[in-house]
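What the coordinates show
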Amino acid sequence: MVQLKEFRIVMPMSLEEYQIAQMYMVMKMQQQSTNGSEGVEVLDNKPFQDDIFGKGQYTSKVYRFQSKAPVWLTTIAPKDALVMEEEAWNAYPRCKTVIFLLLSTNWISYFSVIKCPYFTKFCLTIETVHRADNGTSENVHGLNEEQLAARQVEIIDIASAATDYWSYAIGSSSFDFSKFKSEKSGRGPLLDGWQDNCNPVMTAYKLVTVDAPYWGFGYRLEQALLAGERALFLESHRNCFGWIDEWFGMTMQQMRELEQQGDCLLNEKISKPTLLTDTEDCDQTFSHNGERYVQQVVHT
């Protein structure tokens, strides 16, 4: 059975600010999680244009995080099979991401959605619509009656610090938003009911579709994927706001240049092993390079 779940993440920022915040967050989290043996490799990052999305940015990435896979999955799949490829079409405020679990690292290539059932064991699709509201729009994805009946909705509160297995696997930030206040924007703290009182405000509506029809343990895998995506949505959006004083005031041109330099650094890390002993080391490594890159971008 295909799982259809919509996650709504309310954010204390404008649509324009969120676009910068998301790009910065993705880049920094990738840097933190990449070393010589595991992490993110950027295959492609280029503009695109088509009849459905219009103009946007296309990216293709490979994720190797075998050490963070659940034990039950590693017992039935070889480590070289636990590699994911992601294709994303970002035509903000609309985005689409398709994730493939590859059978072998030798199979990595640019797959299309149509080819997915023939080359992979499952596809996970995330369709995102960003709106300048506080999560109250009921059908931003234009679902039909059957889809609406099957859809589950969950509102994710970034002020929540609740953790589970997937929080541990993905990483969990230490922000306490009940006490947090941004120096540059003056926003925060986020107290009970903050979604109804903050200004500006916007929501990322993420519709996740996952189906694993070829696995004997398909339902268990689907549930694990949904739990993993939920933890990732929570952590990444907590970082979006927690790092606001790092990206606040940046322009899109500055962010694009910083992103290109970050992609190069990622691929250097993947091909040239780097000893990163813990999360703090990763953060310090990125912060040092990130600050240098930001200074280059701002002053050139």
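My aim in this report is to walk through the structure given alongside it, one point at a time. All values reported here derive from a predicted model rather than from experimental measurement.

**Regarding the layout of surface pockets**
In this approach the atoms are scanned with a rolling probe the size of a water molecule, which exposes any empty space left behind. Put simply, the second largest pocket is a space of about 270 Å³. The wall of the second largest pocket is formed by 16 residues, among which Glu-127, Leu-143, Gln-147, Leu-207 and Thr-209 lie closest to the centre. Those elements giving two or more residues to the lining of the second largest pocket turn out to be strand 5 (94-102), strand 6 (120-131), helix 4 (145-150) and strand 8 (202-211). Across the lining of the second largest pocket, the residue classes break down as 9 nonpolar, 4 polar and 3 charged.

**Notes on the pattern of salt bridges**
Scanning the entire structure with this criterion turns up 10 salt bridges. One salt bridge in this structure joins Glu-6 and Arg-8, with 2.6 Å as the shortest N-O distance. For Glu-6, a relative accessible area of 1% corresponds to the buried category. Take Arg-8: its relative accessible area is 3%, and that puts it in the buried class. In this structure, the salt-bridge partner of Glu-6 is Arg-151, at a minimum N-O distance of 3.1 Å. With Glu-6 in strand 1 (residues 3-11) and Arg-151 in the loop between helix 4 and strand 7 (152-156), the pair connects residues that are 145 residues apart, well separated along the chain. Taken together, the salt bridges that share partners define one network made up of Glu-6, Arg-8, Glu-138 and Arg-151.

**A few points about the side chain of Ser-14**
The residue Ser-14 is located in the loop between strand 1 and helix 1 (15-33) in this model. Contact partners of Ser-14, with chain neighbours within four places excluded, come to Pro-200 and Met-202.

**Regarding helix 1**
The first and last C-alpha atoms of helix 1 sit 27 Å apart over 19 residues, in line with the 27 Å expected at 1.5 Å per residue. In terms of burial, helix 1 is largely enclosed, as 14 of its 19 residues are buried.

Conventions and cut-offs
- Per chain, residue numbering runs from 1 following the sequence as it is written.
- Local features in a predicted model are, by the rule used here, given only for residues with pLDDT of at least 70; side-chain atom pairs are given and counted only at 80 or more, and totals for whole chains, interfaces and linings are based on all residues.
- Excluded from the side-chain calculations are hydrogens and water; all other atoms, namely the structure's heavy atoms, are used.
- Definitions used for this entry: grid spacing 1 Å over protein atoms alone; cavity, a set of points where a 1.4 Å probe fits but cannot get out; pocket, an open set with protein on both sides within 12 Å along at least 5 of 7 lines; lining residue, one with an atom within 4 Å of a point.
- Grid points are joined across faces, edges and corners, and a volume is the space filled by probe spheres set on the points.
- Counting from the N terminus, the helices are the DSSP runs of H or I reaching at least four residues and the strands are the DSSP runs of E reaching at least two.
- Only Asp, Glu, Lys and Arg are considered charged in this grouping, and only Ala, Val, Leu, Ile, Met, Phe, Trp, Tyr, Cys and Pro are considered nonpolar; every other residue, Gly among them, is considered polar.
- Each salt bridge in this description consists of a side-chain nitrogen of Lys or Arg and a carboxyl oxygen of Asp or Glu lying within 4 Å of one another.
- Each residue is assigned to one of three classes by its accessible area relative to the maximum for its type, calculated with a 1.4 Å probe on protein chains only: buried under 20%, partly exposed between the two thresholds, exposed over 50%.
- By the convention used here, residues are in contact when the closest approach between their heavy atoms is within 4.5 Å.
- Any helix carries an expected span of 1.5 Å times its number of residues minus one.

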